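Summary of structural features
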Amino acid sequence: GFPFEHACMCQFKLAGKYLLHSTYASAEFLENCAHCFFLNFLHDRCRLQEPLATVINEKAPKAEVWIGETAAAWHSGQMDTTNTFLSGFWYLDALGTAANNNVQAFCRQTLIGGYYELLNKTTRNPNPDYYTGLLWRRLMGTKMIQISSSANRSALRLYAACSSADIQAKTPGALTIAYINIGDVAFSASPASLVGKPESANDIGTIEYHLIPGDGQMTLRTNTIMLNDKQLELDEANHLPPLDGMTRSGGSVLVEPMSYGYVVVPDANMDLCM
């Protein structure tokens, strides 16, 4: 088991109309940051507790809850962990958990500085978490679609939302699913099952964004990342690479072991997203 007594640090501060929630995991536990028991513990230990909800309702009923500062580890992070692909398991899980709990803003520590930085302080090249967060911003909307809690406490974790405004403008009712597979086996599912449609609706297309380590060897502690088997790196003019999804007209969605990413279902026709 894990000695969890000091596994995370959580602080709360009421600032005007915002309740700022800061949370960090302890660096000594990061060896397990792609382990479902560790992520479940952080969910339970660092989530907004009932007494806190009571305080908000009594003292500031209109306050927005913000995560004003967070990373996978405190004290500037940990080299070769919080600046690598491995950190993304925690990061995407934290984004999904926060969104499911109606957190209005998620401020990641930090853009540049420490070992949890999103941009390498020397080269200014984006670390893997930069691309993970950017894709969340581009693909996920603000209205979450709840998925069973039991599914999100296992090796395969799914967080669903109405797609971003840009996607909705083109395909109203679209759904985006963020996934994390911390298991050692692949996962396959039909798009119909992901959006709650009958299995006979097998012609539902997807736009997929599969993220894996950028070294091609599935080494989790690499500071490079691949999107659909293409390495993400700045061009000669220091412009970001295109973050294009892989369009699939039908068939199953395949999620590789120890990977994470996003699946957009443009024709989900979700009533809640219309």
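The following paragraphs examine the structure supplied in this document. (Residues numbered from 1 in each chain as written. Predicted model: local features only at pLDDT ≥ 70, side-chain atom pairs only at ≥ 80, totals over all residues. Heavy atoms only, no water.)

**What to know about the packing of aromatic side chains**
In total, this model carries six aromatic pairs according to the counting rule given. Between Tyr91 and Phe106 the ring centres are 6.0 Å apart and the planes differ by 45°, which places this aromatic pair in the tilted class. In this pair, Tyr91 sits in helix α3 (residues 87-100) while Phe106 sits in strand β4 (residues 105-108), placing the two residues 15 residues apart along the sequence. Given the relative accessible area of 6%, Tyr91 is considered buried. Classification of Phe106 by relative accessible area gives partly exposed; the value is 21%. Put simply, the rings of Phe85, Phe89 and Tyr260 pair up and form one aromatic cluster. (Phe/Tyr/Trp six-rings, centres within 6.5 Å; stacked < 30°, edge-to-face > 60°. Helix = DSSP H or I, 4+ residues; strand = E, 2+ residues; numbered from the N terminus. Buried < 20%, exposed > 50% of the residue type's maximum accessible area, 1.4 Å probe, protein only.)

**Describing the pattern of salt bridges**
Summed over the entire model, instances satisfying the criterion amount to four salt bridges. Note that Asp129 and Arg108 form a salt bridge whose closest N and O atoms lie 2.9 Å from each other. Placement of the pair is Asp129 in helix α4 (residues 128-139) and Arg108 in strand β4, with a sequence separation of 21 residues. Of the two residues, Asp129 and Arg108, both sit in the buried class. Across the pair Arg248 and Glu208 runs a salt bridge whose closest N-O atoms are separated by 2.9 Å. Linking Arg248 in strand β12 (residues 246-248) with Glu208 in strand β9 (residues 206-213), this pair joins segments that are 40 residues apart in sequence. Here Arg248 falls in the partly exposed class, since its relative accessible area comes to 27%. Looking at Glu208, the relative accessible area reads 0%, which means it is buried. (Salt bridge = Lys/Arg side-chain N within 4 Å of Asp/Glu carboxyl O.)

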